[in-house]
Amino acid sequence: RKIGTDARLAMDAAALAAGDAADALARLDRLTTATPAGTADPDHLRLRVRALAALGRADEAERAATAVSASLDADERARVADAVARGWIATGALD
């Protein structure tokens, strides 16, 4: 039985909320490879940025956010920017 995209995103969000950013990122990466280029929804993109930031990969999170920012509305851009900022704070790179 195949799991729908919404259910997968819910599982990814649950893994991230439970503190398992590595599992969430792995799930998101699998979803990315199964999704045609340029069709990922904002929730998927935001979760990916949050997972990267939570793993201390703020530079990757920032690059991912920059790559998708044009496809997000203002609210989504703000949420993604917040996730990136939290990632930088977590790494201690505040210069």
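Our subject is the structure listed above.
Residues numbered from 1 in each chain as written. Predicted model: local features only at pLDDT ≥ 70, side-chain atom pairs only at ≥ 80, totals over all residues. Heavy atoms only, no water.

A. Summary view of the pattern of salt bridges. A full pass over the atoms with the stated rule returns seven salt bridges. Linking Glu-76 and Arg-79 is a salt bridge whose minimum nitrogen-to-oxygen distance equals 3.3 Å. Pair noted here: Glu-76 and Arg-79 are both in helix α5 (residues 74–91), with a separation of three residues, about one helical turn. We note a salt bridge from Asp-82 to Arg-86, for which the minimum N-O separation is 2.8 Å. With a gap of four residues between them, Asp-82 and Arg-86 both fall in helix α5, about one helical turn apart. Bridged by salt links that share partners, the residues Arg-46, Glu-76 and Arg-79 form one connected network. (Salt bridge = Lys/Arg side-chain N within 4 Å of Asp/Glu carboxyl O. Helix = DSSP H or I, 4+ residues; strand = E, 2+ residues; numbered from the N terminus.)

Functional significance is not addressed by these values, which are geometric in nature.
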